[in-house]
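Notes for the structure review
The primary structure of each chain is shown beneath.
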Amino acid sequence: GVAAALQGVPIKVVACYVPGAPFALIARPEFKSVPELRGKAIGLNTFGGNIEVVARLIFKHFGMDGDKDIKFLALGTNERRFSAMKQGLADATLGTPPLDFFGKKFGFVVLTRANELFSYPASGILASVKKIKERPNEVKRVIKAGIKFNRYFRQNREGSVQAMAEWMK
């Protein structure tokens, strides 16, 4: 949703519960820093999604242009991206936990984490501009419900774990 908003879709982020994207930049072990990836291939799940947006922001943070300095490849699933890295077809990828953990198990390295570099809403509520204008009270009630949920989740570990276990089976 955030990627869509950045691309001009008429939606707005109306609440943000996780302000730092938990993406890690995971690379082949010969790379020791982000600037070393200049001119290299970065595996994405798909073009235009959050992984690409966050990747571009990371490279921009390190003074690189995502259009000129990086070659992005749409490779699909996490497994395919890791396979491409093992074969030398891609030099790095991005992913959220536990992908960084699995990457380390495969011998890859985490070069940086997006949430340590910049803010990027990773979890929250989006609403269409039309909905915000026509039904602002409904949008406010949804935001308040999200705040109440977050308070409960943080203050009631036992009930939260039980609810997650049931929901995720």
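Calculation rules
Residues take numbers from 1 onward in each chain, read along the sequence in its written order. Given that the model is predicted, a residue must reach a pLDDT of at least 70 before its local features are reported, and side-chain atom pairs must reach 80 or more before they are shown or counted; all residues, however, enter totals for whole chains, interfaces and linings. As a rule here, side-chain values cover all heavy atoms of the structure and leave hydrogens and water aside. Strands are runs of DSSP state E lasting at least 2 residues, helices are runs of H or I lasting at least 4, and numbering of each runs from the N terminus. Relative accessibility under 20% of the residue-type maximum defines a buried residue, over 50% an exposed one, and the middle range a partly exposed one, all with a 1.4 Å probe and only protein chains included. The charge count includes Lys and Arg as positive and Asp and Glu as negative, but it does not include His or the ends of the chains. Note that the charge is assigned to NZ on lysines, CZ on arginines, CG on aspartates and CD on glutamates. It only takes one pair of heavy atoms within 4.5 Å for two residues to be counted as in contact. Pairing between strands requires that DSSP locate at least two bridges from one strand to the other. Clockwise travel from the first strand over the helix to the second, with the strands pointing away from the viewer, marks a crossover as right-handed. Put simply, a nonpolar core is a bunch of buried Ala, Val, Leu, Ile, Met, Phe, Trp, Tyr and Cys residues held in one set by side-chain atoms that sit within 4.5 Å of each other. Salt bridges, as used here, are contacts in which a Lys or Arg side-chain nitrogen is within 4 Å of a carboxyl oxygen on Asp or Glu. Read the arc as the range of directions from the helix axis to the C-beta atoms. The patch calculation keeps residues exceeding 30% relative accessible area without a salt bridge and links them within 9 Å when they carry like charges or within 5 Å when they are nonpolar (Val, Leu, Ile, Met, Phe, Trp, Tyr). The method behind every accessible area is Shrake-Rupley, applied with a 1.4 Å probe, and residues are considered shielded solely by the protein chains displayed.

Here we come to the overall build of the chain. Counting secondary structure elements, the chain contains seven helices and seven strands. Its helices and strands taken in sequence order, the chain reads α-β-β-β-α-β-α-β-α-β-β-α-α-α from the N to the C terminus. Viewed in the frame of its principal axes, the chain has a C-alpha envelope of about 50 × 40 × 25 Å. The proportion of buried residues among the 169 residues of the chain is 36%. Side chains of the chain give 27 positive and 14 negative charges; the mean places of these two sets differ by 6 Å.

Turning our attention to the environment of glycine 95. Turning to its location among the elements, glycine 95 is positioned in strand E5 (residues 92–95). With a relative accessible area of 4%, glycine 95 lands in the buried category. A sequence separation of 29 residues divides glycine 95 from glycine 124, and the C-alpha atoms of the two residues are 19 Å apart. For glycine 95, the contacting residues outside a window of four places in its chain are Pro22, Phe23, Ala24 and Ile26.

Before going further, it helps to examine unusual backbone geometry. Following proline 97, the chain continues to proline 98 via a peptide bond in cis, the omega torsion being 10 degrees. Along the chain, the position of proline 98 falls in the loop between E5 and helix H4 (99–105).

With that settled, consider the pairing of strand E4 (residues 71–74). Bridge analysis of strand E3 (residues 41–44) against E4 gives four bridges, and the strand direction is parallel. For alanine 41, the partnering residue across the bridge sits in E4 and is lysine 71. Crossover connection from E3 via helix H2 (residues 50–61) to parallel E4: handedness right-handed.

This part is about the nonpolar core. Membership of the largest hydrophobic core comes to 26 residues, with the highest contact counts inside it found for Leu25, Val54, Phe59 and Leu94. Looking at this core, the elements with two or more residues in it are helix H1 (2–6), strand E2 (24–27), E3, H2 and E5. A per-element tally of this core places H2 first, with six residues. In this view, phenylalanine 59 contacts Leu25, Val34, Leu37, Ile42, Met64, Ile70 and Phe72; residues no more than four positions away in its chain are not counted. Ranked by size, the runner-up nonpolar core spans eight residues in total, among them Ile26, Met85, Leu99 and Phe108.

This part covers the pattern of salt bridges. Should the charged atoms of two oppositely charged side chains come close, the side chains can pair. Under the counting rule described, the total for this entry stands at seven salt bridges. The salt bridge partner of arginine 28 is glutamate 30, with a shortest N-O separation of 2.9 Å. A salt bridge links aspartate 67 to arginine 56, with the shortest nitrogen-to-oxygen separation between them at 3.0 Å. Of the two residues, aspartate 67 is situated in the loop between H2 and E4 and arginine 56 in helix H2; the sequence distance between them amounts to 11 residues. A single network of salt bridges, built from pairs that share partners, joins Glu52, Arg56 and Asp67.

Attention shifts here to helix H3 (residues 78–86). The α-helix winds at 3.6 residues per turn, so residues separated by three or four positions along the chain end up facing the same way. Along H3, the residues that are buried comprise Arg81, Phe82, Ala84 and Met85. Each buried residue of H3 lies within a common arc of 160 degrees when the element is viewed along its axis, so the set occupies one face. Across H3 from its buried face, at more than 90 degrees, point the exposed residues Glu79, Arg80 and Lys86. Buried residues along H3 sit in contact with E2, E3, H2, E5 and H4. Positive phi appears at glycine 88, one or two residues downstream of H3, with a value of about 80 degrees.

On to a positive patch on the surface. Together, Lys140, Lys144, Lys148 and Arg151 give the surface a local cluster of positive charge. Along the chain, the position of arginine 151 falls in helix H6 (residues 136–155).

Function-wise, these values are silent; they only describe arrangement.
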